[in-house]
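Remarks on the overall topology
Each chain, written out:
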Amino acid sequence: MLHALLDKLWFRAFIVLLVVAVRVSRAADPGTVDPQCHDDDSMGATSSNSNLKNNGRKVESTETGESQPSQCTLYIAESTIPNAGLGTFTVTPRIFGESLGAGDLCIPYLDLAWHYPKQFFYDPFADYVWMGNQMGMAREDPGSSIVAFCTGLGSIVNSHSALINARRAIPRYDPYLKRREHPGAGAISPYQNATSTVIRAIPAGAELFKSYGDEWFAGRTRQFGHVPLIASYEEAEKILKSFARVASNRSEELQSSLYNLSLAIRDVYNNSRTLNGLPETLKRANIAAQSSISAAYQIDHIRSHQWLQENGRCVDAIEPGYSTISGAGWGAFAARTFRQDQIITASPLLHVPQLRHDYMAMFNITWDEEQHTHVRHLDKVISYQLGMNYCFGHAESSLLLCPNGYGVNYINHAKTGQGANVKIRWAHSFSAHHDDIVANSTLDDLDRIRKSVLVLDYIALRDIDKGEELLIDYGPDWEDAWQAHQDQWLQSNISKCEYISSIDMNQQLGNAALRTHEEEVADPYPSNVEIRCHPHVIFKNSSRNYGWTLATYGHPCRVLDKYTIGLDGGKPSEEYFYKVLVEVWPYGIDSNLHKEWPYDPNNRETKEPALTQIVIARVPRKALRFFDKHGTTDMHLRSAFRHWIGFPDDMFPDQWRNRKQP
């Protein structure tokens, strides 16, 4: 009788625990948010029913793609998450803090929703981009209208909230070319070498996962359902550990029955992210209880080395570095030797049919003071997105094919027979590539396909030594366009302009004293730069940590005064301190700030957000830096070179040639 009573009490307690889990999961759900981009550690995924996205590296192989190099450490292959497209896998175990890959190229895309008419708008990059201001691109645009398309590990890695094992990387800002010195200024992305790191031990064969941020999945509930978030898995683990404690002395049959009941309850309350985080079997639940929920799920997300060799593509064959070609910026270098006709790497393609509107076109946008809104002027294209330079195109088609594989966007141009040592070819033997689409699909068909279905192999044209730069023929259309651009640049006055970037300003001035606003009236700084204060200056109780990273942007500052202050012993300091006027937007009421904000987001009776000015004294020089004003860096030059890379004519299907002249 006593045992039966205890079993009933235990059963009821477990049911109560599950009901609480449902309620906690509902309360913790972030709700519906903007699904377009990822902020912080948030990113995009391919069409998937779970938290995952692709990334990859590449392998050497024979012309048929059957031989994979034994030294390969990273592969792209079908994800372990159903319907998630490609995933990236490590062949070797990885330890905390270890670097992954050699560094991704990040391409800024500006104001896509503004430049692309809403009636035609579909963004093929939406599931593959990060919030630009979280990737060090706030200098281009501080808001959410700039996104970072980081190829390689930045866009072909999936997300599983119980198995996050890699951290996104902020790229290095390297505006290598200067507008006064080279016609290529503004034609290449300055955001280079974003190298991801391991944040927990990864076993051999495991798929790599990054966090897209909870908001990314919460904003795609219709697509993915109520996918467990990071906190959901943590709550699920607590439930399982509690279950194990009370069930330890019960029969295995009773444990199995009750756990199956919990799964049935989960299926009824399928909007509970916490219950959706429970493993499918009691055996896996016990692993979660005894170790961690990550250990329970890790089992299903490992591929064998042999399977990856037979079904994947190796993607760690390219090392980025400064090109041997003058003015080319960064380039791609062979990480090992390759024989003629071997596969060097592979890359998925994002297809952009552009049937109704030029996706890369940029128009003049002005501010209408009377209507208090921005106005698009779609009658004239003033420039094109920088991303155009990294996509394949064809003179007889509106289609763009944009690679997002590891390292391939670093590959520079050389003519075939005059330096080119790499060619592209459809990845016929790779399951992620669909030859039937190349053979039969029209541009209208491609326009309806909202996922990556095409893959390129990059093939060695001859034997290539380790460390040799990889070069590909961009085609005659690109060559003609580049020659015309060089001629125009030489005839222009841009090489004589007095422009100086904020990078050069900070390097030249170092810690030299800054001019006050009054002094600037007579001796102004260049019109394209502004002084910004470190974010910590507005906090009263700041730790005074004024370390600047690429992602640190701060607030606009005006220097009102400068002075030295006495130190111990009465001697004046050797450096100036500054009294500054800081312009900030309100974040709500915070007692740690120098001033209470006039706006409380939780109180509808307060004023709408407005720019607030705060005067702060005793600001050290290290808390002040020069930044480029928005829209003034080289990538914004209307005269910057823009042209797609030529796709080989003999590979391009006739049914895609919608601009072919009769």
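Residues numbered from 1 in each chain as written. Predicted model: local features only at pLDDT ≥ 70, side-chain atom pairs only at ≥ 80, totals over all residues. Heavy atoms only, no water.

1. Remarks on the overall build of the protein
Each helix and strand counted, the protein has 14 helices and 26 strands in total. Here the protein displays about 30,400 Å² of accessible surface, and carbon together with sulfur accounts for 49% of that area. (Helix = DSSP H or I, 4+ residues; strand = E, 2+ residues; numbered from the N terminus. Areas by Shrake-Rupley, 256 points an atom, 1.4 Å probe, with all protein chains shown as cover.)

2. As for the state of the cysteines
The final tally for this structure, using the stated rule, is 4 disulfides. Disulfide partner of Cys106: Cys150, at an S-S distance of 2.1 Å. What sets the handedness of the Cys106 and Cys150 disulfide is the S-S torsion sign, and at about 110 degrees it is right-handed. Taken as a pair, Cys106 in strand β3 (residues 99–110) and Cys150 in strand β5 (residues 146–150) lie far apart in primary sequence, 44 residues in all. For Cys150, a relative accessible area of 2% translates into the label buried. Disulfide partners in the protein, listed by the sequence order of the bonded cysteines, are 1-4, 2-3, 5-6, 7-8. (Disulfide = S-S within 2.5 Å. Buried < 20%, exposed > 50% of the residue type's maximum accessible area, 1.4 Å probe, protein only.)

3. Quick look at unusual backbone geometry
Unlike most non-glycine residues, Asn193 shows phi in positive territory, near 55 degrees. Tracing the backbone shows Asn193 in strand β8 (residues 191–198). Among the residues examined, Asn193 registers a relative accessible area of 24% and is labelled partly exposed. Phi at Asp341 takes a positive value of approximately 75 degrees, unusual for a residue other than glycine. Within the fold, Asp341 resides in the loop between β11 (330–334) and β12 (343–352).

4. Quick look at the side chain of Asn412
Take Asn412: it is sitting in strand β17 (residues 412–413). Relative accessible area serves as the criterion here: at 11%, Asn412 is assigned to the buried category. One polar contact links the side chain of Asn412 to the main-chain carbonyl oxygen of Trp330, over a distance of 3.0 Å. Those residues in contact with Asn412 that sit more than four places away from it in its chain are Ser323, Ile325, Ala328, Trp330, Gly331, Glu469, Leu470, Leu471, Ile472 and Tyr474. (Polar contact = N/O pair within 3.5 Å; in protein donor to acceptor, adjacent residues only side chain to side chain. Contact = heavy atoms within 4.5 Å.)

5. Let's talk about the confidence of the model for the protein
The predicted model of the protein has a mean per-residue pLDDT of 83, with 82% of residues at 70 or higher. Counting contacts from residues 19–28, a segment whose pLDDT is below 50, to residues more than four positions away or on other chains yields 14 contacts. Across residues 31–67 the pLDDT falls below 50, and counting only partners more than four positions away or on other chains, this stretch makes 213 contacts in the model. (pLDDT = per-residue confidence, 0-100.)

6. A few points about the pairing of strand β2 (residues 86–90)
Of all 5 residues in β2, 5 are buried; the element is thus mostly enclosed. Of the two faces of β2, both are covered, the one formed by Leu86, Thr88 and Thr90 as well as the one formed by Gly87 and Phe89. Summarising the sheet, strand β1 (residues 74–78) and β2 pair through 5 bridges and their orientation is antiparallel. Its bridge partner lying in β2, Leu74 is registered against Thr90. (Pairing = 2+ DSSP bridges.)

7. Some points on the nonpolar core
One finds Phe125, Trp426 and Trp656 to be the most contacted residues of the largest nonpolar core, which totals 94 residues. Among the elements that make up this core, the one with the highest residue count is β3 (7 residues). For Phe125, the contacting residues outside a window of four places in its chain are Tyr109, Phe149, Leu350, Val352, Tyr359, Met360 and Cys402. Counting 23 residues, the second largest nonpolar core, distinct from the first, contains Ala84, Phe209, Leu258 and Ala296. (Core = buried A, V, L, I, M, F, W, Y, C linked by side-chain atoms within 4.5 Å.)

8. Thoughts on the sheet that holds β2
The strands making up a sheet are joined through hydrogen bonds of the backbone, oriented either antiparallel or parallel. The strand order across the open sheet formed by 3 strands is β2-β1-β9, and the pairing between neighbours is antiparallel. Strands at the two margins of the open sheet, each flanked by one partner only, are β2 and β9 (313–314).

9. Quick look at helix α7 (residues 282–290)
Listed as buried for α7 are Leu282, Ala285, Ala288 and Ala289. Projected down its long axis, α7 carries its buried residues within an arc of 110 degrees, all on one side. In α7, the exposed positions angled more than 90 degrees off the buried face are occupied by Lys283 and Gln290. Looking at the buried residues of α7, the elements they touch are α5 (230–247), α6 (252–268) and α8 (293–298). (Arc of directions from axis to C-beta.)

10. Remarks on the packing of aromatic side chains
Counted by the stated rule, this structure contains 27 aromatic pairs. Between Tyr474 and Trp478 the ring centres are 4.9 Å apart and the planes differ by 90 degrees, which places this aromatic pair in the edge-to-face class. Within the aromatic cluster, the residues linked to one another by ring pairs are Phe392, Trp426, Phe647, Phe652 and Trp656. One Lys or Arg, Arg179, reaches over the ring of Tyr499 and ends 3.5 Å from the middle of that ring. When the ring centre of Trp307 is taken as reference, the NZ or CZ atom of Arg303 above it lies at 4.1 Å. (Phe/Tyr/Trp six-rings, centres within 6.5 Å; stacked < 30°, edge-to-face > 60°. Lys NZ or Arg CZ within 6 Å of the ring centre and 35° of its normal.)

11. Side note on the environment of Ala551
If you trace the backbone, Ala551 turns up in the loop between β21 (529–533) and β22 (555–563). Expressed as a C-alpha distance, the spacing of Ala551 and Met137, which sit 414 residues apart in the sequence, is 7.4 Å. Excluding residues within four positions of it along the chain, Ala551 makes contact with Asn133, Gln134, Gly136 and Ile170.

12. So, helix α13 (residues 502–509)
What α13 keeps buried is the set Ser502, Asp504 and Met505. For α13, the arc enclosing every buried residue in end-on projection is 155 degrees, short of the 170-degree limit, so these residues lie on one face. Contacts from the buried residues of α13 go to β21 and β25 (624–628). Downstream of α13 by a residue or two, Gly510 has a phi angle that is positive, lying close to 55 degrees.

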